[in-house]
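Now for the letters of each chain:
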Amino acid sequence: MVDALVTDMEHQQQENVTTWQNQTGGAMIVVLPMSLGIISNTVALFILVNAYSLQRRRSKATFLLFATSLVITDFFGHVIPGALVLRLYLSGGASPEDSSDSMCQFLGGSMVFFGLCPLFMGCAMAAERCLGVTKPLLHSSLVTKTRTKVCLSVIWLAALSVALLPCFQLGSYTYQEPKTWCFINVLNDTMEVDVAFVVLFSGLGLTSLAVALVCNTISGLTLVLARIRRQPGSHHSARSHDIEMVVQLVGITVTSSICWSPLLILALMSVIHSSSKIAGENLAYYQTLMRIGVRLATWNQILDPWVYILLRRTVLRKIYLIVKCQAGLKDTMIGRWEKSLFPSLDQKEVNQV
């Protein structure tokens, strides 16, 4: 009898240790990316605010206003959902009986809102730059600071409207395995409204990525053609600013595509299979894919600030000078590219001499 009691106590202790290890490991998975995201967005926000206060070109100021709003949104997109997920991890997750509650509704809505906002903003930034590069006169007459703020308000309102649809019984949020996060119901007892909600969410996200990709491609090709047609010896400092902004937008679009496309596509696949009763056979497989997809999506909010930080002209100039010194580049086509992208570089070198 005593031996059995001791065995039960040891077994209970082992279970407690395992549970504590799982909670600690899960908390670290949340804390590390959240801390990195907060630091990244804070650094980028500091750089953007300084750049915006010193900027006099209206097109560049518009871009910086969009970029600042994107970084602020990414910052809160890390803090709010991250804090809720961390709380769930530390409490051991929701009980198996709970499919949804008020906290789950808020967490799911936050993930949809902070997921759509960066995609919408990236699309708007790409469209604005495409107009600025291809139709500069039209851009100068249409794009103002006030209209930019109105556009940002519309973006936030549109994302919020989509996130609040489950409040009107148009879709639902449920706890996702291992009961430590919430998202759109894509696997368990999905109904037609759930399928429509997922199609809307994924469709808006993928459409935003596609439009941004098309706009950035048009902007890039326009700048390349303008560079080819430019007369030797002429300088166009505005083009260097356009190149910098388009390069940053391409980086943001590529990052968003890599981070968000898997989750958007997986959500569609999961809800379609669930509604057709196919997912039940591979439920654990789809649950694992969804966890991987959402973790990959969170990295978008970490990488976005670094795209802007690392792809600025000042950073690219320093990288170019280091590469030039190491490789011993002289008069080459790269040298011509340097003069067009960094028109003030030669003068700075002369002043240093």
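Nothing here was measured: the structure is a model prediction, and the numbers come from that model.

Quick notes on the rules
- Residues numbered from 1 in each chain as written.
- Predicted model: local features only at pLDDT ≥ 70, side-chain atom pairs only at ≥ 80, totals over all residues.
- Heavy atoms only, no water.
- Helix = DSSP H or I, 4+ residues; strand = E, 2+ residues; numbered from the N terminus.
- Buried < 20%, exposed > 50% of the residue type's maximum accessible area, 1.4 Å probe, protein only.
- Axes fitted to C-alpha atoms, helices over the stretch in contact; angles between N-to-C directions.
- Left-handed = near helix turned anticlockwise from the far one by under 90°.
- Contact = heavy atoms within 4.5 Å.
- Nonpolar A, V, L, I, M, F, W, Y, C, P; charged D, E, K, R; others polar.
- Disulfide = S-S within 2.5 Å.
- UniProt positions renumbered as here; feature names shortened; annotations may be inferred.
- Salt bridge = Lys/Arg side-chain N within 4 Å of Asp/Glu carboxyl O.
- Pairing = 2+ DSSP bridges.
- Phe/Tyr/Trp six-rings, centres within 6.5 Å; stacked < 30°, edge-to-face > 60°.
- Core = buried A, V, L, I, M, F, W, Y, C linked by side-chain atoms within 4.5 Å.
- Parallel < 35°, antiparallel > 145°, perpendicular 65-115°, else oblique.

## Considerations on the overall build of the chain
Per the secondary structure count, the chain includes 11 helices and 2 strands. Classification of the 353 residues of the chain by burial places 43% in the buried group.

## Regarding the packing of helix α3 (residues 102–134) against helix α5 (residues 145–163)
Think of two packed helices as two axes; the pair is described by the angle between the axes and how far apart they sit. As a packed pair, α3 and α5 sit with axes 8 Å apart at the nearest point and diverge in direction by 145°. Considering the relative orientation of α3 and α5, their crossing is right-handed. Contact residues: α3 offers G109, V112, F113, L116, C117, F120, M121 and A124, while α5 offers C151, L152, I155, W156, A158, A159, L160, V162 and A163. Here the contact of α3 with α5 is built from residues that sort into 16 nonpolar, 1 polar and no charged.

## A look at the side chain of D304
Tracing the chain through its elements places D304 in helix α8 (residues 283–310). Sequence-distant contacts of D304, defined by excluding residues within four places in its chain, comprise L70, D74, I252, T255 and S256.

## Side note on the state of the cysteines
All chains considered together, the criterion is met by 1 disulfide. Covalent S-S linkage joins C104 and C182, the inter-sulfur distance amounting to 2.1 Å. Across the S-S bond linking C104 and C182, the dihedral sits near -125°, which makes this disulfide left-handed. Here the residue C104 occupies a position in helix α3, and C182 occupies one in strand β2 (residues 181–184), the gap between them amounting to 78 residues. With respect to class, C104 is no different from C182; both count as buried. Of all cysteine sulfurs in the structure, the one in C130 sits closest to C215, which takes part in no disulfide; the separation is 4.7 Å. When its relative accessible area of 11% is taken as the criterion, C215 is described as buried.

## What about the environment of L157?
If you trace the backbone, L157 turns up in helix α5. Sequence separation of L157 and F113 is 44 residues, and the distance between their C-alpha atoms is 9.4 Å.

## A closer look at the UniProt feature "transmembrane region" (unreviewed entry) in the chain
Mapped onto this numbering, the UniProt entry gives "transmembrane region" (unreviewed entry) at residues 27–49, 61–86, 106–127, 148–175, 195–225 and 246–272. For residues 61–86, the end-to-end C-alpha separation is 37 Å, with 100% helix and 0% strand making up the annotated structure. The straight-line gap between the two end C-alpha atoms of residues 246–272 is 37 Å; of that span, 100% is helix and 0% is strand.

## Examining the pattern of salt bridges
For the structure shown, the criterion picks out 1 salt bridge. With a shortest N-O distance of 3.1 Å, R129 and E128 are connected by a salt bridge. No difference in accessibility class separates R129 from E128, as the two residues are buried.

## Some remarks on the pairing of β2
Bridge count between strand β1 (residues 173–176) and β2: 4 bridges; the pairing is antiparallel. In the strand pairing of β2, T174 is matched with F183. The antiparallel hairpin formed by β1 and β2 contains 4 residues in its connecting segment, where K179 sits at a positive phi of about 65°.

## A short note on the packing of aromatic side chains
Any two aromatic rings considered together are summarised by their centre-to-centre distance and by the angle between their planes. Applying the stated criterion across every chain, the model contains 6 aromatic pairs. An angle of 80° between the planes, with centres 5.0 Å apart, marks the rings of F113 and F114 as edge-to-face. What makes F114 buried here is its relative accessible area of 10%. Three or more aromatic residues link up through ring pairs in this structure, and these residues are W181, F183, F201 and W260.

## Let's talk about the nonpolar core
Counting residues in each nonpolar core, the largest one holds 65 residues, and the members touching the most others are V112, M125, F183, I184, V186 and F201. Sorting elements by how many residues they give to this core places α3 first, with 14 residues.

## Focus: the packing of α3 against helix α6 (residues 192–229)
Running from N to C, α3 and α6 cross one another at 25°; their axes reach a closest spacing of 8 Å. It follows from the interaxial angle that α3 and α6 lie roughly parallel. Considering how the two elements wind past one another, α3 and α6 form a crossing that is left-handed. Taken together, the residues of the contact of α3 with α6 sort by class into 17 nonpolar, 7 polar and 1 charged.

## Quick look at the environment of Y52
Mapped onto the secondary structure, Y52 falls in helix α1 (residues 2–54). Each C-alpha atom of the pair Y52 and L65 lies 7.3 Å from the other, and the pair is 13 residues apart in sequence. Beyond its immediate stretch of four places on either side in the chain, Y52 contacts A61, L64, L65 and K145.

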